[in-house]
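Understanding the architecture of this molecule
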Amino acid sequence: MLKGLTTAALTAALLAGSAITAAAQDFTIRATANSNENDEDYDGLVVFKNHVENASNGRIAVELFIGTQLCSGGAECLQGVSDGSIDVFVTTSGGAAGIFPYVQVLDLPYLMSDDRVAEHVLSGDFTRTMRDMALEDSGDTIRIMTIGNTGGWRNFANTQRRVQMPSDLEGLKIRTVVADLPQEVVKALGAAPTPISWPELFTSFQTGVVDGSKNGITDIMGMKFPDAGLQYVTLDGHAYMGAIWVMNNEKFLGMPEDMRRVVVDGFSALQQATFASPKRKSIQAYQDFVAGGGDLYVPTPDEKAAFRDAAAPVFEWFQENVDGGPAIYEALTTAVAEAEAELAAEYEADLN
């Protein structure tokens, strides 16, 4: 009798365990980033996975695919999100511009002055406005969950000379992505935009196909571009390197509200991780750049103003030539103004 009861109890325990295991994985999120484990995107995904799996008590499992295991390139990966073969993907504005051209607003130069402004803007209603636009244009399939950072700020870097004013860029061939807006920015500042794929950029510096680029310092050092002759970096900070995190909308809405809350909180934690990661990684990157003989220049306020003035025609071009341009431009500039006002009030309170 005792043996029978023990067997029955063990069987019940095993069945209960199976039920818990099944419940523990009610939902699986397949997330991918076309990067590597040294990248801010990976840092963000690790934080996301940890938060979502723990806060859901194991009901949501997050599978990470780093690199090109599921897809390669923005268009292909976004299609995967749209059709549901991929649940979560991170893209840059350049990678998404072919489908959502207005996301290039993140590349408009000199609109956001520093990290505090950018982080305030990207944590508020501006991102929700872009989400609504992307949902409409994708037939309610692609949902923007958050916008983080991937590499800090874009700065001008080149192989030829120190750049202090826009006139110093004249005659330089500056690498851009294929998207129109980055090319318009380079032209407005007097340089020649030259679209080159990322894997070809090192050799392009070596051979003189291009003289410079618009990159963050962690990308510059991670790709060893100084070894190819890139020795001049001007910290003009013309664009915050936004990372747009998207999710299959049906997958998100198919979860109960408590699990959707967990996912939203997970993306908030991911965003904070990607805000912080480039700040830390850039410290050593700048030190290594200077130690290797690199010339690092910080423009004066007057010089920075000259760059902003030279780039001003791009704002009008964007609104006239990009689908959704006027609406998203207004959303961003409004959000920036609100952020600057709130931060000014905080400074007033904290400095006195």
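Note that the coordinates shown come from a computational prediction; the quantities given were computed from them, not determined experimentally.

What counts, and at which threshold
- Residues numbered from 1 in each chain as written.
- Predicted model: local features only at pLDDT ≥ 70, side-chain atom pairs only at ≥ 80, totals over all residues.
- Heavy atoms only, no water.
- Helix = DSSP H or I, 4+ residues; strand = E, 2+ residues; numbered from the N terminus.
- Contact = heavy atoms within 4.5 Å.
- Areas by Shrake-Rupley, 256 points an atom, 1.4 Å probe, with all protein chains shown as cover.
- Disulfide = S-S within 2.5 Å.
- Buried < 20%, exposed > 50% of the residue type's maximum accessible area, 1.4 Å probe, protein only.
- pLDDT = per-residue confidence, 0-100.
- Arc of directions from axis to C-beta.
- Pairing = 2+ DSSP bridges.
- Right-handed = clockwise from strand over helix to strand, strands pointing away.
- Expected span 1.5 Å × (residues − 1).
- Bend = angle between axes of the 7 residues up to and from the residue.
- Phe/Tyr/Trp six-rings, centres within 6.5 Å; stacked < 30°, edge-to-face > 60°.
- Lys NZ or Arg CZ within 6 Å of the ring centre and 35° of its normal.

Bringing the overall build of the protein chain into the picture now. Helix and strand counts for the protein chain stand at 14 helices and nine strands. For the C-alpha atoms alone, the extent of the protein chain along its principal axes is close to 95 × 50 × 40 Å. When contacts within the protein chain are restricted to residue pairs at least 6 apart in sequence, those whose partners lie at least 24 apart make up 75%. Carbon and sulfur atoms provide 52% of the accessible area of the protein chain, an area that totals close to 16000 Å².

A word on the state of the cysteines. Applying the stated criterion across every chain yields a total of one disulfide. Note that Cys-71 is cross-linked by a disulfide to Cys-77, the S-S spacing being 2.0 Å. Judged by the sign of its S-S torsion, about 105°, the cystine formed by Cys-71 and Cys-77 is right-handed. Since its relative accessible area comes to 3%, Cys-71 is described here as buried. Residue Cys-77 is classed as buried on the basis of its relative accessible area, which comes to 0%.

The next point concerns the confidence of the model for the protein chain. Mean pLDDT over the protein chain: 92, with 93% of residues reaching 70 or higher. Confidence over residues 1-23 falls short of pLDDT 50; this stretch has two contacts with residues more than four positions distant or in other chains.

What follows concerns helix α13 (residues 313-321). Three or more residues of α13 are buried, namely Val-314, Phe-315, Trp-317 and Phe-318. All buried residues of α13 fall inside an arc of 165° around its axis, so they share one side. Turned more than 90 degrees off the buried face of α13, the exposed positions are Pro-313 and Glu-320. In this fold, the buried residues of α13 make contact with α7 (180-188), α12 (301-311) and α14 (325-351).

Attention now moves to the environment of Phe-315. On the secondary structure map, Phe-315 appears in helix α13. Distance from Phe-315 to Asp-132, taken between C-alpha atoms, is 22 Å for residues 183 residues apart in sequence. Ignoring sequence-local partners within four residues, the contact set of Phe-315 consists of Leu-108, Pro-109, Leu-111 and Tyr-329.

What follows is about the pairing of strand β1 (residues 27-33). Across the seven residues that make up β1, a large majority, five, are buried. When β1 meets strand β2 (residues 60-66), the two strands line up parallel, connected through seven bridges. Within the sheet, the bridge partner assigned to Ile-29 lies in β2 and is Val-62. Since β1 and β2 lie parallel, the crossover through helix α2 (residues 40-55) that links them has a hand, and here it is right-handed. Where β1 lies against strand β3 (residues 88-91), two bridges are found, and the strand directions are parallel. Residue pairing across strands places Ala-31 opposite Val-88, the latter belonging to β3.

This next bit is on helix α11 (residues 257-291). Along an α-helix, a turn takes 3.6 residues, which lines up residues three or four apart on a common side. For α11, built from 35 residues, the straight-helix expectation of 51 Å at 1.5 Å per residue is met to within 8% by its first-to-last C-alpha distance of 52 Å. Along α11, the largest kink reaches about 30° and is centred on Ser-282. Within two residues after α11, Gly-293 carries a phi angle of roughly 95°, on the positive side.

Moving on, we come to the packing of aromatic side chains. This model, assessed by the stated rule, comprises seven aromatic pairs. Look at Phe-315 and Tyr-329: their rings are 6.1 Å apart centre to centre, the planes differ by 35°, and that puts the pair in the tilted class. Here Phe-315, found in helix α13, pairs with Tyr-329, found in helix α14; they are 14 residues apart in sequence, far enough to count as distant. The exposure class of Tyr-329 is buried, given its relative accessible area of 16%. The rings of Trp-198, Phe-205 and Phe-225 are connected pair by pair, giving a single aromatic cluster. It is Arg-116 that lies over the ring of Tyr-347; its NZ or CZ is 5.2 Å from the centre.

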